[in-house]
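Descriptive structure summary
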Amino acid sequence: MTHHGPSALSAAEARARLEEGNARFTSARPAPRELGEARRHELAEHGQHPFAVVITCSDSRVPPELIFDQALGDIFVVRVAGNVLDEVAMGSVEYGAEHLGVPLVVVLGHEKCGAVKATVDGGEAPGSIGAIVERIRPAADRARATGATGEELYEKTTDENIRQVVAAVCASPVIRHLQEHGALSVLGAKYWLSSGTVTFLD
Ligand SMILES: [Zn+2]
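The structure presented is a predicted model; accordingly, all values stated were derived computationally and were not measured.

Structural notes on the packing of aromatic side chains
Two descriptors summarise a pair of aromatic rings, namely the distance from one centre to the other and the angle between the planes of the rings. Counted according to the given criterion, the structure contains one aromatic pair. For R15, the ring lying beneath its charged end belongs to F200, and the centroid distance is 4.4 Å. Between the NZ or CZ atom of R17 and the centre of the ring of F51, over which it lies, the distance is 4.9 Å.

Regarding the coordination of the zinc ion
Protein ligation of the zinc ion involves C57 (SG), H110 (NE2) and C113 (SG), the donor distances falling in the range 2.0 to 2.3 Å. Expressed as a motif, the donor residue spacing for the zinc ion is C-x52-H-x2-C. There is no split in this pair, since H110 and C113 are both buried.

Quick notes on unusual backbone geometry
The backbone of A28 shows a phi angle near 55°, a positive value even though the residue is not glycine. Relative to the helices and strands, A28 resides in the loop between α1 (11-26) and α2 (37-46). For A28, a relative accessible area of 62% puts it in the exposed group.

Quick word on the sheet that holds strand β2 (residues 75-79)
Strand order in the open sheet made by the five strands is β2-β1-β3-β4-β5, with mixed pairing throughout. A single partner strand is all that each edge strand has here, and the edge strands are β2 and β5 (198-200). Neighbour to neighbour, the strand axes of the sheet diverge by 25° on average, direction disregarded. Sheet topology places strand β3 (residues 104-110) next to strand β4 (residues 185-191); seven bridges connect them, and they run parallel. Within the sheet, the bridge partner assigned to V106 lies in β4 and is L187. Against the sheet, helix α7 (residues 150-170) touches β1 (52-56), β3 and β4, its axis set at about 160° to β4.

Definitions and limits used
Note that residues are indexed from 1 along each chain, following the sequence as it is written. Local features in a predicted model are, by the rule used here, given only for residues with pLDDT of at least 70; side-chain atom pairs are given and counted only at 80 or more, and totals for whole chains, interfaces and linings are based on all residues. The basis for every side-chain value is the complete set of heavy atoms in the structure, and neither hydrogens nor water enter the calculation. Only Phe, Tyr and Trp rings are paired, with Trp represented by its six-membered ring, and only when their centres lie within 6.5 Å; those with planes under 30 degrees apart are stacked, over 60 edge-to-face, the remainder tilted. Both a distance and an angle decide whether a charge sits over a ring: NZ of Lys or CZ of Arg must be within 6 Å of the ring centre and within 35 degrees of the ring normal. A donor here means an N, O or S atom no more than 2.8 Å from the metal, or no more than 3.2 Å when the metal is Na, K or Ca. Since water is not included, a site may seem to lack partners. Each residue's exposure class comes from its accessible area (1.4 Å probe, protein chains only) as a fraction of the maximum for that residue type: buried when under 20%, exposed when over 50%, partly exposed otherwise. Every helix listed is a DSSP run of H or I at least four residues long, and every strand listed is a run of E at least two residues long, numbered separately from the N terminus. Paired strands are those between which DSSP finds at least two bridges. The axes used here are C-alpha line fits, helices contributing only the stretch in contact, and every angle between their N-to-C directions lies in the interval 0 to 180 degrees. It only takes one pair of heavy atoms within 4.5 Å for two residues to be counted as in contact.

In structure tokens form, the structure reads like this:
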């Protein structure tokens, strides 16, 4: 594997590119997509230079390439139910940030997340689903402490979970090192299913 230099974009430019892509998505005016043979060959020959790492949920309603209107080679995606991180997922984030030189990591939660709802509702989590619920539970506890109930509790838990995952990313020594050198920003964001809008938390 070759080590590529940092992305040509700053974190602010990378965020603007995602926001512009989401605006195209919500206005149903996607940019012409480079998905053809020429682009595939270019990427295969010259390697990938994605401009953002996106950590998001496996939910089929939240495909990051579509909601940010991006094409091949644009975003490095880590996708798991509830957008939680285990060691393997964290390694993927570190690879994108450190090895590929991506300037921006986005933790993208979403409205009406099933993994969040399962955590808040409690009950049985069969098989390995419990491993997801365990990771979201501290966020649910903090949301519940605000006195929120019903839909508000689900959404507050989602927001707390986004912040919690941002904090977990920032706790990585690899990520912290890049942040200290001004080479990386880590942001939380939320996707709204009906409107198609992504709102950044900060
Ligand atoms: Zn979800």
